Amino acid sequence: MRILVISDIHANDTAFEAVLKHSEGEWDFVWCLGDVVGYGPDPNECVERLKTLPQLCLAGNHDWAALNRLDVKTFNPDARRAVEWTQDTLTTENTEFLEHLPVTFVIGEYTLVHASPREPIWEYILEPSIAALNFPHFETPYCFVGHTHQPVIYTMDDDESKAQSSPPRYNESHTLNGRRQIINPGSIGQPRDQNPDAAYGILDLTSGVFEHRRIPYNIRAVQRRMLDYNLPERLITRLEHGL
Ligand code: ZN
């Protein structure tokens, strides 16, 4: 059984389609770690595409924002405008899909959350010290997270006090060898690691092997739609910089 591990699609259907095409035939099921919508121009298209797949999807902070479950005053003005546009654009059916997404899910050796095990909607695991504080908050050997839009693997030290981070090695097999790890596949729709290509991962449950991947997509086409919908300029330009 092979899993397509994806996160932070952020209403970017062109990137989502590119990832599905690039990984075609290589997986049986999808784990989506949240933020299906928010920022991008295609919230309905992304929810609808996701619904056609055999998948398990978690809720992210932007999905909750689209549902009015968060106070959007905590978002910066650009993000807030995108949230309001998303709320106005989403169909009732697709809003209902987002309403039913779980916040955490445990399946076999894996815990799945959007942000972090101790704060599943909000906390950014951007450094090993934050990762280390999160290992006591899940029981399985491995945890998949999204939210930071940066692909990475954090491994817990033997004495359980610290964690080490390893950058992704694209298209290389990473064997899950029993050492506890927090793994981020990166973002499909709005990467923030100075690489604009869509990021995703493939997990082979049988052999316990994970692989980070990147794939370029037609960024200009997405930017044009964002311009048409009058979405904030900063959100449009950041796609080409991967920031
Ligand atoms: Zn996100």
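Residue indices begin from 1 for each chain and proceed along its sequence in written order. Reporting of local features is limited, given that this is a predicted model, to residues whose pLDDT is at least 70; pairs of side-chain atoms are given and counted only at 80 or more, and all residues count toward the totals for whole chains, interfaces and linings. Hydrogens and waters are ignored; side-chain quantities use all the structure's heavy atoms.

Asks: Would you mind going over helix H8 (residues 233-241) in detail, with residue names and values included?
Replies: A simple rule labels every residue: compare its accessible area, found with a 1.4 Å probe on the protein chains alone, to the largest value its type can have, and call it buried under 20%, exposed over 50%, or partly exposed in between. Helix and strand labels come from DSSP, where a helix needs a run of H or I of at least four residues and a strand needs a run of E of at least two; each type is numbered from the N terminus. Among the residues making up H8, those that are buried are Leu235, Ile236, Arg238 and Leu239. One face of H8 carries all of its buried residues, which in axial projection span an arc of 165°. Looking at the buried residues of H8, the elements they touch are helix H4 (77-89) and helix H7 (219-228). In the segment just after H8, Gly242 is the residue with positive phi, at about 65°. Of all possible arcs, the one meant is that of the directions from the helix axis to the C-beta atoms. In what follows, residue pairs with any heavy atoms lying within 4.5 Å of each other are defined as contacts.

Asks: Describe helix H5 (residues 92-99), naming the residues involved and giving the relevant values.
Replies: Every buried residue belonging to H5 is among Asn94, Thr95, Phe97 and Leu98, and all of these are buried. Relative to the axis of H5, the buried residues are bounded by an arc of 155° and lie together on one face. Within H5, the exposed residues directed more than 90 degrees away from the buried face are Thr92 and Glu93. In this structure, the buried side of H5 is in contact with helix H2 (43-51), strand E3 (55-57) and helix H3 (61-66).

Asks: Go over a negative patch on the surface, please, and point to the residues and values.
Replies: The grouping of Glu45, Glu48, Glu93, Glu96 and Glu99 at the surface amounts to a negative patch. Among the secondary structure elements, those contributing two or more residues to the negative patch are H2 and H5. When residues of the negative patch are assigned to their parent elements, the largest contribution, three residues, is made by H5. With respect to the helices and strands, Glu45 occurs in helix H2. For Glu45, a relative accessible area of 38% puts it in the partly exposed group. Residues forming no salt bridge and having over 30% relative accessible area are the ones grouped into patches, like charges within 9 Å of each other and nonpolar side chains (Val, Leu, Ile, Met, Phe, Trp, Tyr) within 5 Å. Using a 1.4 Å probe, accessible areas were evaluated by the Shrake-Rupley method; residue-level cover was limited to the displayed protein chains. Here, a salt bridge means any Lys or Arg side-chain nitrogen found within 4 Å of an Asp or Glu carboxyl oxygen. Working convention for charge: Lys and Arg count positive, Asp and Glu count negative, and His plus the chain ends are omitted. Every charge is mapped onto a representative atom, which is NZ of Lys, CZ of Arg, CG of Asp or CD of Glu.

Asks: Tell me about the pattern of salt bridges, and name the residues and values.
Replies: Going through the model one piece at a time under the given rule, you end up with 11 salt bridges. Arg220 is the salt-bridge partner of Glu240, the closest N and O atoms lying 3.6 Å from each other. In this pair, Glu240 is assigned in helix H8 and Arg220 in helix H7, connecting sequence segments 20 residues apart. In this structure Glu240 comes out as partly exposed when scored by relative accessible area, which is 33%.

Asks: Explain empty space enclosed by the protein to me, and be specific about the residues and the numbers.
Replies: Lining residues are defined by having an atom within 4 Å of a point belonging to a cavity or pocket. Those points lie on a 1 Å grid over the protein atoms alone, cavities being sets where a 1.4 Å probe fits but cannot get out and pockets being open sets with protein on both sides within 12 Å along at least five of seven lines. Grid points are joined across faces, edges and corners, and a volume is the space filled by probe spheres set on the points. Within the structure shown, the criterion is met by one cavity of 30 Å³ or more. For the largest cavity, the calculated volume is near 50 Å³. Surrounding the largest cavity, His10, Asn12, Tyr39, Gly40, Gly189, Gln190, Met226, Leu235 and Leu239 form its lining. Under the scheme applied here, ten amino acids are nonpolar (Ala, Val, Leu, Ile, Met, Phe, Trp, Tyr, Cys and Pro), four are charged (Asp, Glu, Lys and Arg), and all others, including Gly, are polar. When the residues that make up the lining of the largest cavity are grouped by side-chain class, the tally is four nonpolar, five polar and no charged.

Asks: Describe the packing of aromatic side chains, and please don't skip the residues or the numbers.
Replies: Here is the rule: rings of Phe, Tyr and Trp (six-membered ring for Trp) pair when centre to centre is within 6.5 Å. Planes less than 30 degrees apart are stacked, more than 60 are edge-to-face, and the remainder are tilted. Throughout the structure, instances matching the rule amount to eight aromatic pairs. Consider the rings of Phe144 and Phe210, whose centres lie 5.4 Å apart with planes at 50°: the pair is tilted. Highlighted residues: Phe144 in strand E6 (residues 142-144) and Phe210 in strand E12 (residues 209-215), separated in sequence by 66 residues. With a relative accessible area of 0%, Phe210 lands in the buried category. An aromatic cluster is defined as three or more aromatic residues linked by ring pairs; in this entry it consists of Trp31, Tyr110, Tyr142, Phe144 and Phe210. For the cation-ring pair, Arg180 lies above Phe138, with the distance from its terminal atom to the ring centre recorded as 4.3 Å. The ring centre of Tyr39 lies 5.8 Å from the NZ or CZ of Arg238, which sits over that ring. Counted as over-ring charges are cases with an Arg CZ or a Lys NZ within 6 Å of the ring centre that also lie within 35 degrees of the ring normal.

Asks: Describe the packing of helix H1 (residues 13-22) against H2, and please don't skip the residues or the numbers.
Replies: Axis definition: a line fitted to C-alpha atoms, over the contacting stretch in the case of helices. Angles run 0 to 180 degrees between N-to-C directions. One way to put it is that H1 packs onto H2 with a least axis distance of 9 Å and a crossing angle of 25°. The orientation of H1 with respect to H2, classified from their angle, is roughly parallel. The segment H1 lies against H2, with Asp13, Phe16, Glu17 and Leu20 engaging Glu45, Cys46, Arg49 and Leu50. Its residues assigned to classes, the contact of H1 with H2 shows four nonpolar, no polar and four charged. Any angle that is under 35 degrees is reported as roughly parallel, and any over 145 degrees as roughly antiparallel; angles of 65 to 115 degrees are reported as roughly perpendicular and all others as oblique.

Asks: Outline the nonpolar core, supporting the account with residue identities and numerical values.
Replies: Only buried residues count toward a nonpolar core. Its members are Ala, Val, Leu, Ile, Met, Phe, Trp, Tyr and Cys residues joined through side-chain atoms within 4.5 Å. One finds Leu4, Ile6, Phe16, Val36 and Leu98 to be the most contacted residues of the largest nonpolar core, which totals 48 residues. By size, the runner-up hydrophobic cluster in this structure holds 15 residues, among which are Leu58, Tyr142, Ile153 and Phe210.

Asks: Which residues make up the sheet that holds E3, and what are the values?
Replies: Strands sit in the order E3-E2-E1-E11-E12-E9 across an open sheet of six strands; the sheet is mixed. Looking at the sheet topology across the chains shown, the edges are occupied by E3 and strand E9 (174-175). Bridge count between strand E2 (residues 29-32) and E3: three bridges; the pairing is parallel. Across the sheet, Cys32 pairs through a bridge with Cys57, a residue of E3. At least two DSSP bridges between two strands are required for those strands to pair.

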